Amino acid sequence: MAVKAVPAVMLGCLLNILDGVSYGMIIFPATGVFENLGPMGVSMFFVSAVVAQLVYTFGGSGFGGANGSMMIEVVPFFHILANSIANQIGEDDPKAIIATTLVAYALSSILTGLTFFFLGALKLGVVVGFFPRHILVGCIGGVGAFLIKTGLTVSMRIPDDDFDLSWDTFRLMFLDRHNLLLWTLPLALAILLRVITHRYHHQLIFPAYFIFIPLVFYIVVFAAGLDLEGLRKTGWIFEMGASAHEPWYTFWTYFDFSVVKYSALWSTLPTQFALLFFNILHPPLNVPALAVSLNNDVDTNKELVAHGYSNLLSGLVGSVPNYLVYVNTLLFYRVGGDNRIAGFLLAVATAALLIVGTGPIAFIPVLVVGALIYVLGIDLVKEALWDNRHRVTWSEYITIVSIMIFMTVWDFVIGVLFGIIVCCFFFVVQNSQLRSIRAMYTGDLAVSAVRRPSMQRAYIREVSKQTTILRLQGFLFFGTIAYVEETIRNLLEGPYWLHQPIQFLVLDLSLVAGVDMSSAEAFVRIQRLLAAKRVTLVFCGFHVDSPIGKALRSVEVLGARGVELFATFNDAMEWTENAYLRAWFRSQKMETSTTSMMVPGRQDADIEYSHLVGSFVRSPRRSHLRDAGDRTIATEIFSETGPDVKSEPLNTLSKAFSSYGNVDPVLFMPISKYMQRISIPAGHVLWKQGDPSTGLYVIESGVLRAMYEFESPTQCFEESMVAGTLAGEMSALSDSPRNATVIAEQPSVLWKFSNDNIQRLQMEEPELARIFIQLVLKAAKMDYDILLSAIASRQ
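Residues numbered from 1 in each chain as written. Predicted model: local features only at pLDDT ≥ 70, side-chain atom pairs only at ≥ 80, totals over all residues. Heavy atoms only, no water.

Colleague: Can you walk me through helix α3 (residues 75–89) in this structure?
Modeller: One turn of an α-helix holds 3.6 residues; hence residues three or four places apart share an orientation. For α3, built from 15 residues, the straight-helix expectation of 21 Å at 1.5 Å per residue is met to within 8% by its first-to-last C-alpha distance of 21 Å. In terms of residue burial, α3 counts as a mostly covered element, since 11 of its 15 residues are buried. Those residues of α3 that fall on the buried side of the exposure criterion are Val 75, Pro 76, Phe 77, Phe 78, His 79, Ile 80, Leu 81, Ala 82, Ile 85, Ala 86 and Ile 89. One or two steps after α3, the chain reaches Gly 90, where phi turns positive at roughly 100°. (Helix = DSSP H or I, 4+ residues; strand = E, 2+ residues; numbered from the N terminus. Expected span 1.5 Å × (residues − 1). Buried < 20%, exposed > 50% of the residue type's maximum accessible area, 1.4 Å probe, protein only.)

Put into C-alpha cells, the structure is as follows:
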C-alpha cells in the first residue's frame, strides 16, 4: 500500500511546495522590517501543514487521505496585523515588531483552534451554515483582489505600500518596459493555464504546468548564457541574501516575549476577530462539499474538532492557522492517496521539505510564484463575480461587489463589517416588501368544528360575515407590521366599514415566528383603534407563555378589555360563534320565553354582550344580527312551540333534520319506542376511539366533545356537538369501530338508537327506517364536510 501511495505523495509534496513558496513568501509584508522574512514565512507554512497533516492522519479526520495546509486566505489579514503593529511600535525597534507580529499570528491560530473545537464539541457546526453565504463570497472576492494585487507587487518586486491607484503606479507598470514584462508574463501564464484547464480537465495538468515553467525558464537562461546573479538583481529570481542559509526553525528565535508589546497586540483584537470570523466559515462549507465529491460520509462536527486540535497545536508551536484543503485532498484521492498511510507519508515528506530549508527558493523563478498567486486570485474573483452572477439576487450581488470594493480600497475588517451592515439593510428592505398577511376572509368561510342544528348553522354563516380573519405569517418586525396596521385601519374606515362592519377581528398568529418590540407596540395602537369601534380583538395560534405571548403581554395588550386569546384557530371561531348565538338568545328573552342555551368551549359568564345585543335598530351590526336570527333561529324556536311537535324525541329530531327534510310527526311517532333516553354527567366517556359501535345518539341537551387522534400528535383535532345534533352516526350505520373518543363536556341528555334497534326499525317500519337513515346520512355529510374544512383551515 505504501508503494501504491508514492504517486499521491509526490503530487501532494509538489502542491505543498507550490503553495508554500507562493503564499509562505507573502505571509509577511515585503516592506520595512519584514522585507527579508519571506523564507521564514515559508517555514511557518510548512510547520502548519505538517501539524495539520499529522492531526488529520492520526484519526482526527474522517478522510483517510486528508491534506492539511495553511489557510491561504488569512494573508491579507496578516498584512493588516503586521502593518498595524509596526506603526504602533515604530521602525526603530524591529525586534519588538517581529516578536509581537509572530505572537499575533500564533494567537490567531489559537483563537481559531479554540473556536473550531467548541463548535465541533458542542455540535454547532451547522450554525455556521446559517450565516449569509454571499457575505463569505464577497470576502472571498476581496481576498482574490488582494492576491491579484500581491501578484503584481511580487512580480515587480516592489513593496505593497508603494502600490496604489496613482499616476506613478501607472507609469511604473505600463511605461517601464522591464516592469511591464515582469508582471505581464506571469499573468499571461496564469491566463494560459486557465484556458488549458477549461478545455482539458485532467488533475495532473496543474502541477505539471508549474514543473514545466521553471524547466523552460532555465533552458532559456542557459541557452542564452544569462548570469543568475544578474537575473536576481533584475527581479527574475528571488534574492534571498543571508536568509537563504538560515535553518527552518529560525522563526522560533524571534519569539522573545520580553520585548513583545502587549498594548500593540491588544489593539489588533478587532482584526483578530474579523480574521476569526473569516476562518471559521470555510471548513463547515468545504467538508460537506468534499464528502459529496468523494462519496464519503463524514461527521462535520468531528472534522471541526480536528481543525480545533490542528490550529491549537499550530498556534502553540508558533505557526499560523490551517485547514483541510478541498482541492489538494480531491487530487490526492484521485491518484491513489485515499488512506491514512498515504497521509502519513505526505506528512513525513513535507517535514523533510521543511528540514531541507528555504535555500532552494533562491533558484525559483519569480514568475512561477507570481503566476500561482495570479491563478488563485483570478479564481477567487471569478468565483465571486462571474460564477455567482445568476445564483444570487441583485441585492446580494451588490453586497458582494461592495465588500470587494471596501476590502480593496480601504480595509479587510471594514469590508467584512460593511458587508454585514449591507446584508442587514437589504434583509430589512426585502422582508418589508413581503406581505405578512397570508390570507384575509370573513368568518362565514371558516366556521368552527362544532356540530350545530342546521338553523343555528345558517344563522352563524350569515352573521359571521361580521367576523374578519387575518392569518399572519413570518417574523413581525418594524418592516412588516406597518402593512398589517394599514390593512386593519382600512377595514375600520371608509367604504369597507360601511359595506362590511366588523364585530370580531381574529388574528391568527400560528404561522408567526416572532414579534419584535415595534410590532408589539403596533398591536397596542391596533387594540385602541378597535376599541374605539367596539370591535373585539381575538388572538389565536399561541399561548400566553410563548415568546409571542410574552411580547404582547409586556405591552399589556393581552388582558386588555376587548382582547381575547385562544390556543387554536378553531377555539377562537367557536367562541365568536357562541357569542353571536348568546347575543341573539339573550335579546329574545326580552320578547319570548326560551330555555337557557348551552354552548361548547370556554364559558364566559361575564362576557359583555351589550354592544352585540343593545338596540338592534340603532346599529347596522345589530340590525344584521336581528334580521339573520329572524330568518333562521326564530323559525327553529317557533317550530318547537308548534302544535305538531310537543314531545321528545320528536322535538330533538325535528331540530336535527329540519334543513334536510320534513319530520312528519305522524310518520315519526313510532320511532320513540326504538330510542332510549339517557342522562350523563360532565366528564363521562361515552366511547373511546377504536371501540366497537353500539349505536348512534341524538343530543337533546348538553354538549359532547369528540377527540380525533392521528399518528402525529400535532394533527389531533377536537369537535364539539351541541343539542339538536347527532353523534356516532357513521360508525353505527357502517358497523365500524369508533373513529374518535367522545366525552360529555357538560351534563347532557341523549337519545340512544342502538344497532339492534336500527335493525328492528328496518324490519318493522321499513319506510320510516329509509327516511330516517336518509336524513342521518344528509346530516352526517354536512357535519363531516364542515369538520374537514375546519381541519384544513388549520394548515
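Alright, that's what it looks like, and here's the rest.
Colleague: Is there a simple way to explain the environment of Ser 658 in this structure?
Modeller: By the element assignment, Ser 658 lies in the loop between α29 (650–657) and α30 (665–668). Separated by 117 residues in sequence, Ser 658 and Leu 775 place their C-alpha atoms 9.4 Å apart. In this structure, Ser 658 is in contact with Ser 454 and Met 455, ignoring residues within four places of it in sequence. (Contact = heavy atoms within 4.5 Å.)

Colleague: Mind showing me how you'd approach the nonpolar core here?
Modeller: Considering soluble globular proteins, one finds that nonpolar side chains tend to be buried as a cluster. One finds Phe 28, Phe 34, Phe 78 and Tyr 105 to be the most contacted residues of the largest nonpolar core, which totals 68 residues. Setting aside chain neighbours within four positions, we find Phe 78 in contact with Ile 27, Tyr 105, Ser 108, Leu 275, Val 320 and Pro 321. Residues Leu 470, Ile 481, Leu 491 and Val 563 belong to the second largest nonpolar core, which totals 33 residues. (Core = buried A, V, L, I, M, F, W, Y, C linked by side-chain atoms within 4.5 Å.)

Colleague: Whenever I open this one, the packing of aromatic side chains confuses me. Can you help?
Modeller: The description of an aromatic ring pair uses the distance of the two centres, along with the angle that the planes make with each other. Applying the stated criterion to the full structure yields 24 aromatic pairs. Chaining the aromatic ring pairs together yields one cluster made of Phe 28, Phe 34, Phe 78 and Tyr 105. Residue placement shows Arg 471 over the ring face of Phe 569; its charged tip is 4.6 Å from the ring centre. Note that Arg 738 overlies the ring of Trp 687, its terminal NZ or CZ placed 3.9 Å from the centroid. (Phe/Tyr/Trp six-rings, centres within 6.5 Å; stacked < 30°, edge-to-face > 60°. Lys NZ or Arg CZ within 6 Å of the ring centre and 35° of its normal.)

Colleague: Where do I start with the pattern of salt bridges in this structure?
Modeller: Should their charged atoms come close, side chains of opposite charge can pair. Per the stated rule, a full pass over the model turns up 16 salt bridges. The salt bridge involving Lys 465 is made with Glu 462; its shortest N-O contact spans 3.9 Å. Two residues, Glu 485 and Arg 489, come together in a salt bridge whose shortest N-O distance is 3.5 Å. Here Arg 489 and Glu 485 lie together in helix α22 (residues 481–492), a separation of four residues that amounts to about one turn. Taking the relative accessible area as the measure of exposure, Glu 485 reaches 11% and is therefore buried. Classification of Arg 489 by relative accessible area gives partly exposed; the value is 32%. One salt-bridge network, held together by shared partners, links Glu 574, Arg 705, Glu 718 and Glu 745. (Salt bridge = Lys/Arg side-chain N within 4 Å of Asp/Glu carboxyl O.)

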